[in-house]
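In case you want the letters, here they are:
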Amino acid sequence: MSNLMSVSSLNTKIKSLLEATFMHILVEGEVASVTYHTSGHLYFSIKDDKSAIKCVMWRSSVSRMKFRIEKGMRVVVEGSVSVYTPRGEYQFQTVKIEPYGQGALALAFEQLKEKLKSKGYFDAQEKRQIPKLVRKIALVTAKESAALHDMLKVIEKRWPLVEVIVVDTLVQGETAARQIAHSLKYADGLGVDVVVVGRGGGSTEDLWAFNEEVVADAIYEMKTPVVSAVGHEVDVLISDYVADLRAPTPSAAIEMVLPDKNEILYMLDEKLDQLRRVLHQQLTDKERDLQHAYTRLLQNAPDRRLKEIEQIFQRIHDEYRRIVQYKIEQFSVVPEQLKQQLKQSMGFVFRNKEQQVSYLLEKMKLNDPKIQCKRGWAQVSKEGRTVTLEEIKKDERFIIEDEKVRIEALCLNVIKDN
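In what follows, the accompanying structure is described. All of these numbers come straight from a predicted model, not from anything done at the bench. (Residues numbered from 1 in each chain as written. Predicted model: local features only at pLDDT ≥ 70, side-chain atom pairs only at ≥ 80, totals over all residues. Heavy atoms only, no water.)

1. Overview of the pattern of salt bridges
Okay, step 1: According to the stated counting rule, one finds 15 salt bridges in the structure shown.
Okay, step 2: Of the charged contacts, one joins lysine 96 and glutamate 98 as a salt bridge, the two residues approaching to 3.8 Å between their closest N and O atoms.
Okay, step 3: A relative accessible area of 42% places lysine 96 in the partly exposed class.
Okay, step 4: One salt bridge in this structure joins arginine 322 and glutamate 319, with 2.5 Å as the shortest N-O distance. (Salt bridge = Lys/Arg side-chain N within 4 Å of Asp/Glu carboxyl O. Buried < 20%, exposed > 50% of the residue type's maximum accessible area, 1.4 Å probe, protein only.)

Structure follows, in structure tokens:
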């Protein structure tokens, strides 16, 4: 009976033996079941084609995991065997889990990428438009970093007129993701036109803060357009997918959102030359139109028209004289009596025509605006024709009128100045 042992003693000896023998070992298998407990602990089991083992990972270790395990996933677990003596059960106490044949960070990246894609974080219609003219820009990065120095250098070269606000934040380490998210929310309330978030190059672990879900949520919820500029061109992160614009480097981000001052100056010179040409053409056209209008005004001026009429009357008068002279010479060979009769007839015709010409000239002069506009002067007419005052006799009726008033008058007496 010397080998008789209690259950507790046996379990205690088994615990000491197992825990001392199986410390810090690696076990490979397929996840058979998995439970993420509300307490933060992870309970799961792994198996192969012959057996299975229960596993546990405490909350402190779970918080450091970059990915979530799922049923059917092949993993490598690191830890130790532990025994729960009250029930005589043992389990594998896990401190680290890695995907079999694949890095944990790579798996975590793909898992988060699929999750955010299903939530619509990458949809093109959700992207905000980057303004064409940026007046105010926020740079969310480490204050003393080379990336910030490069961005400020490009800003000074391309578009120094922009107002720059630097939001200092951690970009690497365990707390960097939450600080980046907090800085993005702060920058969103600054009233800037665009926010550039990023850092220079580094390892996958160095850049991992930009692959965290908290950063993706902050970018997606912002109202201000966001440019993700993390690492080098080959580095593609979750922030690149969620942001409104992805830049291969921080310097490239500035080149993508800010105009080049030299290009703007060149464009302004072209526009100025174009404006000068248009104004010169318009002035030339207006000057030509004005000259044309002035020429038409001169052609239709009353003075010019009156001179033209006078010239027409003069030509008619001269033509009559020429015709009369020709007729006289033509009939100079006729008998004296006929010559005398012809002379009388021609004289009558000539006087009649002269009276008509005189009448038309008088009428033209009376219609001259310069004469009509003289104050205190009026036109005198009798029986429909214009007459002088000397032609008016006592008890005769006549008309006195100017451009506005017509008066019918009766001559009571005629007084002549000797």
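More follows now that the structure is in view.
2. Describing the sheet that holds strand β7 (residues 163-168)
Okay, step 1: Judged by pairing direction, the sheet is parallel, and its 5 strands sit side by side in the order β7-β6-β8-β9-β10 without closing on themselves. Each edge of the open sheet carries a strand with a single partner, namely β7 and β10 (245-246).
Okay, step 2: In this structure, strand β8 (residues 194-199) lies alongside strand β9 (residues 226-230), joined through 5 bridges in parallel fashion. In the sheet register, glycine 198 faces β9, and the bridge partner there is alanine 229. (Pairing = 2+ DSSP bridges. Helix = DSSP H or I, 4+ residues; strand = E, 2+ residues; numbered from the N terminus.)

3. Overview of the sheet that holds strand β1 (residues 25-36)
Okay, step 1: With mixed pairing, the 5 strands of this closed barrel are ordered in space as β1-β2-β3-β5-β4. Neighbour to neighbour, the strand axes of the sheet diverge by 55° on average, direction disregarded.
Okay, step 2: Looking at chain direction, strand β3 (residues 52-57) and strand β5 (residues 89-99) are connected through 3 bridges and run parallel. Each residue of the ladder has a partner; that of valine 56, found in β5, is glutamine 93.
Okay, step 3: Strands β4 (74-84) and β5 of the sheet are contacted by helix α1 (residues 7-21), whose axis makes an angle of about 145° with β4. (Axes fitted to C-alpha atoms, helices over the stretch in contact; angles between N-to-C directions. Contact = heavy atoms within 4.5 Å.)

4. Re the packing of aromatic side chains
Okay, step 1: Inspection of every chain in the model, using the stated rule, returns 3 aromatic pairs.
Okay, step 2: Joined through ring pairs, the aromatic side chains of Phe109, Phe122 and Tyr241 make up one cluster. (Phe/Tyr/Trp six-rings, centres within 6.5 Å; stacked < 30°, edge-to-face > 60°.)

5. Details of the pairing of β8
Okay, step 1: For β8, a buried count of 6 out of 6 residues is recorded, marking the element as mostly surrounded by other parts of the structure.
Okay, step 2: Neither face of β8 is open: one carries Val194, Val196 and Gly198, the other Val195, Val197 and Arg199, and all of them are buried.
Okay, step 3: Bridge count for strand β6 (residues 136-141) against β8 is 4 bridges, and the pairing is parallel. Opposite valine 140, over in β8, you have valine 197 as the bridge partner.
Okay, step 4: Taken together, β8, helix α6 (residues 213-221) and β9 constitute a β-α-β crossover, and its handedness is right-handed. (Right-handed = clockwise from strand over helix to strand, strands pointing away.)

6. Details of helix α4 (residues 146-158)
Okay, step 1: With 13 residues, α4 ought to run about 18 Å at 1.5 Å a step, and its terminal C-alpha atoms sit 18 Å apart, in line with that.
Okay, step 2: Every buried residue belonging to α4 is among Ala147, Leu148, Met151, Val154, Ile155 and Arg158, and all of these are buried. One side of α4 carries all its buried residues, which in axial view fall inside an arc of 130°. The exposed residues of α4 that point more than 90 degrees off its buried face are Ala146, His149, Lys153, Glu156 and Lys157.
Okay, step 3: The elements touched by buried residues of α4 are β6, β7, β8, α8 (250-257) and α9 (261-299). (Expected span 1.5 Å × (residues − 1). Arc of directions from axis to C-beta.)

7. Some points on a nonpolar patch on the surface
Okay, step 1: Together, Met5, Leu10 and Ile14 line one region of the surface with nonpolar side chains, adding up to about 250 Å² of accessible area.
Okay, step 2: Judged by its relative accessible area of 41%, methionine 5 falls in the partly exposed class. (Patch = residues over 30% accessible without salt bridge, like charges linked within 9 Å, V, L, I, M, F, W, Y side chains within 5 Å. Areas by Shrake-Rupley, 256 points an atom, 1.4 Å probe, with all protein chains shown as cover.)

On their own, these measurements won't tell you what the molecule is for.
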